[in-house]
Structures are given as C-alpha cells and as structure tokens.
Amino acid sequence: MDAYLVAVGIILGIYMLMTLGLNLHFGFTGMINFGQVGFFAIGAYTSALLALAGAPMAVAFAGAVLAAALAALPLGLMALRLRIEYLAIATLGFSEIVRVVIVSEEWLTKGVQGLGGIPRLFASLGVGGNAELAYLGLIALANLAAVLIIRRIVASPFGRLIQAVRDDEEALRALGKDPAGYKVRVFMLGAAFAGLAGAFYAHYLTYITPEQFVPLVTFYVWMAMIMGGAGRIPGAVAGTLILVLFLEGSRFLRDFVPGVSEVEMASLRLAAVGLALILFTLYRPQGLFGGYSK
Amino acid sequence: MTGLEVFGLGKAFDGLRVVEDVSIAVAGDELAGLIGPNGAGKSTLFALITGFEDADEGEVRFFGELLNNLPPERRARKGLARTFQIPRPFSHLTVRQNLAVAAPDQSGEHLLAVFARPGKVRREEAAIARRVEEVLAFLELDRVAETPGRQLSGGQRKLLEIGRVLMTAPRFLLLDEPFAGVNPRLIEVIADKIRALNAEGIGCLVVEHNIQALARLVGRLFVMDWGRILAEGAPGEVLARPEVRDAYIGGG
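Residues numbered from 1 in each chain as written. Chains lettered and ligands numbered in written order. Predicted model: local features only at pLDDT ≥ 70, side-chain atom pairs only at ≥ 80, totals over all residues.

*Asks:* Give a detailed account of the pairing of strand 3 (residues 31-35) of chain B, specifying residues and quantitative values.
*Replies:* All names here are of chain B. Counting buried positions over the five residues of strand 3 gives five, a clear majority of the element. In strand 3, alternate side chains face the same way, and those of Leu 31, Gly 33 and Ile 35 on one face and Ala 32 and Leu 34 on the other are all buried. Two elements, strand 3 and strand 8 (residues 203-207), share four bridges in a ladder whose sense is parallel. In the strand pairing of strand 8, Leu 31 is matched with Cys 204. Here strand 3 runs beside strand 9 (residues 220-225); their pairing, made up of four bridges, is parallel. (Buried ≥ 20, exposed ≤ 12 C-beta atoms within 10 Å, placed from the backbone. Helix = DSSP H or I, 4+ residues; strand = E, 2+ residues; numbered from the N terminus. Pairing = 2+ DSSP bridges.)

This is the structure we're talking about:
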C-alpha cells in the first residue's frame with residue numbers, strides 16, 4: 001500500500017507540473033492550449049533519448065525543459081495572429097503532430113514499439129522502495145519550485161501585465177503595451193513545465209510509447225485546472241489532487257460495484273471524471289478557488 | 001504648436017465610405033470637441049488616429065511626426081492616448097492594478113528583471129504606487145481602489161478609463177464619450193477633471209453626444225456628418241449654423 005501511495009504521489013506530481021504550466025497559459029494569460037500533452041511528449045522523449053545516449057541526468061532533464069520551451073516558440077508566435085478559438089485547434093493539432101512524428105521517426109524514437117530501458121534516477125538506491133521515495137521527494141521539490149516561481153511571476157509587473165492581456169488585449173494596446181512578446185514568453189514558460197513533467201515521467205516509467213501521449217492527457221490537465229479554479233495557484237494544486245483522486249479512487253470502486261468487468265470499469269472511471277467536470281462547470285464554473293472563467 | 005494633425009483621412013468598409021477627406025488640426029494644448037449624429041464616423045476617425053484601424057488614404061501627424069502605419073501601442077507610447085466609448089477595465093484586476101499596468105517603461109515587465117533585478121523592480125513599483133495614489137485621489141477613486149474592474153459602476157468605469165490613460169503620461173487625450181451613461185453630477189466632475197488636465201498642458205479632443213455639456217467644456221467644436229467635417233469653430237457659433245441644425249434634425 002505504501003508503495004502504491006508513493007506511485008500515486010509521483011503521478012500526481014507529474015500532472016501537477018503540467019497543470020501549473022497550463023494555468024499560466026489559460027488561467028493567467030487567457031491562451032487556450034489544447035496541446036499540453038505535446039510538450040509533455042517532447043520533454044519525455046528528449047530526456048529519454050539524451051539519457052539513453054549517455055548524457056548525465058541533469059543534462060537530460062535540462063534538455064527536456066529546453067526542447068519543450070523551444071517547441072512552444074513557433075506556436076507562441078502563431079498564437080499572436082490567431083483568435084483564441086483557432087489557437088485551441090492549432091495547439092490540439094500540434095500535439096497530434098508531435099505524436100505522429102514520434103510514431104513515424106522510428107530511427108530515433110523506435111516508433112510504436114516505444115523506448116525502453118530509460119535510465120532511472122537514484123538507481124544506486126535500488127529498484128522500488130527508497131529510490132521511488134527519493135524520486136517522489138524530487139518531484140515534490142520540483143513542484144514547490146514551480147509554485148514559488150509562478151507566485152513570483154504572477155505578483156510581478158509581468159504577471160499584472162499578462163492578466164491584463166487575458167482580460168482585454170485591445171485596451172492594453174491603447175495603453176502602449178504590446179501583448180505579443182508576453183504571450184510568446186508565457187507560452188514557452190508553461191510548455192517548459194510540461195517538458196519537465198515529461199522528463200519525470202520517462203525516467204519513472206523507464207518505458208515510453210507514443211500512445212501514452214494522446215489528447216486525453218491534455219484534457220485531464222484541463223479538468224484539473226478547471227476544477228481547482230483557473231488563474232489560482234492553489235487551484236492548480238487542489239484541482240490536480242482531485243483529478244488523481246478520481247482517476248485512482250475509481251480504480252477501487254470495482255471492489256464495491258459487483259458485476260462490472262475490468263474493461264467496463266475503465267469506461268466507468270472516465271464517465272465518473274466526465275460527470276465530475278460537468279457538475280463543476282454547472283455549479284462552480286470558477287473552480288474550487290474562485291478563479292477566472294470566461 | 002499643432003499637436004494632432006489629420007490631413008485628407010479616408011476609410012471605407014465594404015465600399016461604404018465611413019470617413020472621407022477629413023482634415024482637422026488641434027493644438028497641443030487645446031481642448032476641442034467633436035460631435036455628429038450616430039454613424040457620422042466619429043469613432044472610426046478615433047480608430048484611424050490611434051491606429052486601431054488603418055486609413056485608406058491621408059495622414060495622421062502627432063507633433064509633426066507622421067504616425068501612419070504605426071500600431072496602436074506605438075502611437076500610445078508617443079503620448080497619444082485614447083479612452084473607449086464603452087469602458088474596458090481589466091475585469092479581474094483591481095482598480096489599483098488597472099492603473100499600475102498602464103505605467104510606461106516598467107523593467108518588471110521583463111521576466112529576467114523580475115528574477116535578476118528584484119531591487120530595481122521594487123523601487124520602480126514603489127514609484128508607480130505613488131503615482132497610482134495620486135491618480136486615485138485626483139479622480140476620487142480611492143474608495144474602490146481594491147475593487148476588481150468588473151464590479152465598478154458605469155461612472156467609476158469612465159473615471160478608471162481616464163485614470164489609466166493618465167498613468168501613461170500622455171501629451172494628448174482622445175476621449176470617446178466620457179459623459180455617456182454618467183449621472184449629471186458626475187458629468188460635471190468629469191468635465192472639471194478634463195479642464196484640470198488641459199490646464200496642465202495636455203491637449204484633448206472629446207467626442208460626445210451630450211452637446212450642452214461639451215459646448216461648455218471646449219473652446220472649439222468640430223461637427224462631422226456622413227464621414228465628412230461639416231463645420232468647425234466656437235461652439236456657440238457652430239451650433240447656430242443651419243447646416244449643423246439640419247444634420248442633427250435630419251440624422252435624428
């Protein structure tokens with residue numbers, strides 16, 4: 001049971017990093033990013049490939065963050081021209097392109113077969129037990145750092161400005177501020193968090209395949225953000241907690257619901273998460289922490 | 001000195017000429033007004049001057065400098081500030097934050113400075129906060145300083161709209177219907193604020209439907225109709241002209 005909780009904690013931490021990043025995009029800047037999983041995938045594959053090539057872990061992780069941020073640059077530039085609805089479609093398309101490229105560039109990514117034998121962190125502590133606990137500690141630390149960084153940003157003049165971008169871009173331009181550069185920076189920053197999450201994911205599972213990076217992951221992250229309250233840092237944290245609680249908790253439901261097969265249960269879990277999201281948007285659209293809603 | 005100069009400005013939407021051959025000049029320290037029936041092209045003229053729309057032809061000059069082809073934010077940074085007919089507060093930011101955003105040249109707007117030069121950012125923030133308090137006091141918005149933009153009343157929004165442009169340290173203000181939807185007492189308050197700003201040497205061009213209030217405020221009046229300038233001169237004299245009366249009666 002302890003090992004299970006540690007595993008859930010690690011997954012929680014990975015999702016939380018992605019939610020914190022998305023919250024910067026949408027919650028604070030109003031940019032609809034339906035492709036967060038794309039940056040997650042880029043981070044995972046970059047870090048895995050670097051580590052497999054013998055790079056030190058720190059380099060692999062840094063590479064993941066950098067690659068995700070750089071991938072966000074062209075998208076961020078596109079975000080300046082596109083209306084918010086089109087950005088949503090463009091980012092969704094982007095994440096699918098990333099997945100298709102991973103599938104087809106077999107020489108690099110081994111395609112659908114996936115990348116195996118990705119080096120672990122804390123391998124000297126053995127497999128499982130202490131190594132996992134240390135990994136959880138590191139992820140918790142990464143999340144803490146992310147929260148502190150985002151708090152600092154949001155409280156700064158930069159943070160004030162991006163929230164003004166979210167509320168009314170044209171009014172901001174009338175005041176002499178050009179929203180373009182800020183949007184690109186936020187896009188890269190939020191993607192970098194997803195890239196870091198990807199690196200953690202790859203070195204935790206040690207085996208990654210393209211089908212782990214489907215749009216459903218993005219929508220889980222959106223659910224977490226909406227349930228917690230977009231534009232609120234504690235919202236991103238609490239929302240991810242609720243999401244993982246639902247995803248994992250519904251696993252145990254099978255013990256209490258008789259006559260439901262494993263496969264049916266998997267579908268029921270999704271339905272439960274969907275229902276929770278509907279209830280939230282109906283009765284508390286601003287999320288738990290009273291964040292921003294369109 | 002001529003502050004705002006518009007020469008032969010024209011704009012058509014889908015073949016419909018909304019602004020046609022408009023030429024006006026307002027001194028850098030003048031307080032002038034612009035009236036005209038609905039659809040006369042006043043708001044479009046504002047958009048052309050401030051860069052929110054591109055002119056099909058003509059020139060916009062600001063203190064002698066050609067502004068054509070500059071985006072709105074660049075024109076605003078030169079000191080040509082505008083307000084919107086329907087106020088556009090940043091709805092989730094407080095009044096204080098709404099004002100602080102507008103302060104020009106903040107190094108804290110750069111991520112690197114936020115982390116690498118926190119001391120400099122803090123000093124600037126303190127200076128901005130002082131200026132914000134001045135503007136709050138000037139516009140009598142102190143009581144709602146911590147209220148989010150979306151919870152303000154119509155009149156408070158109008159005041160905030162003016163406050164934000166003041167934060168940009170403007171040389172010239174284009175005010176789009178500052179009295180619309182505002183109660184009579186507040187109209188006088190806003191008019192006094194505009195006079196006070198003008199007395200400090202800030203030029204103003206005010207679009208307004210409330211002709212009586214505007215005539216009391218400005219020294220010179222432009223009248224627009226069907227996209228053209230119909231008349232210009234002292235308010236009392238201009239409003240007495242038959243063609244201006246016709247435009248208003250004919251145009252409703």
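After presenting the structure, the write-up continues.
*Asks:* Describe helix 12 (residues 262-283) of chain A, naming the residues involved and giving the relevant values.
*Replies:* Between the first and last C-alpha of helix 12 of chain A there are 31 Å, a value that for 22 residues agrees with the 32 Å anticipated at 1.5 Å per step. Across the 22 residues that make up helix 12 of chain A, only a small minority, one, are buried. (Expected span 1.5 Å × (residues − 1).)

*Asks:* Just give me the short version of the packing of helix 3 (residues 57-81) of chain A against helix 9 (residues 179-205) of chain A, but keep the residues and values in it.
*Replies:* Residue and element names in this part refer to chain A. In contact at an axis separation of 7 Å, helix 3 and helix 9 are set at 145 degrees when each is read in the N-to-C sense. In terms of crossing hand, the pair formed by helix 3 and helix 9 is right-handed. Among the residues forming the contact of helix 3 with helix 9, the class breakdown is 23 nonpolar, three polar and one charged. (Axes fitted to C-alpha atoms, helices over the stretch in contact; angles between N-to-C directions. Left-handed = near helix turned anticlockwise from the far one by under 90°. Nonpolar A, V, L, I, M, F, W, Y, C, P; charged D, E, K, R; others polar.)

*Asks:* Go over the environment of Leu133(A), please, and point to the residues and values.
*Replies:* Looking at where Leu133(A) falls in the secondary structure, it is placed in helix 6 (residues 130-155). Each C-alpha atom of the pair Leu133(A) and Ile10(A) lies 9.0 Å from the other, and the pair is 123 residues apart in sequence.

*Asks:* Describe the packing of helix 2 (residues 36-52) of chain A against helix 10 (residues 215-228) of chain A, with residues and values.
*Replies:* Residues and elements named next belong to chain A. The N-to-C vectors of helix 2 and helix 10 enclose an angle of 115 degrees; their axes lie 7 Å apart at closest approach. Handedness of the crossing formed by helix 2 with helix 10: right-handed. Across the interface between the two elements, Gln 36, Val 37 and Phe 40 of helix 2 pack against Pro 215, Val 217, Thr 218 and Val 221 of helix 10. A breakdown of the residues in the contact of helix 2 with helix 10 according to their chemical character gives five nonpolar, two polar and no charged. (Contact = placed C-beta atoms within 7 Å.)

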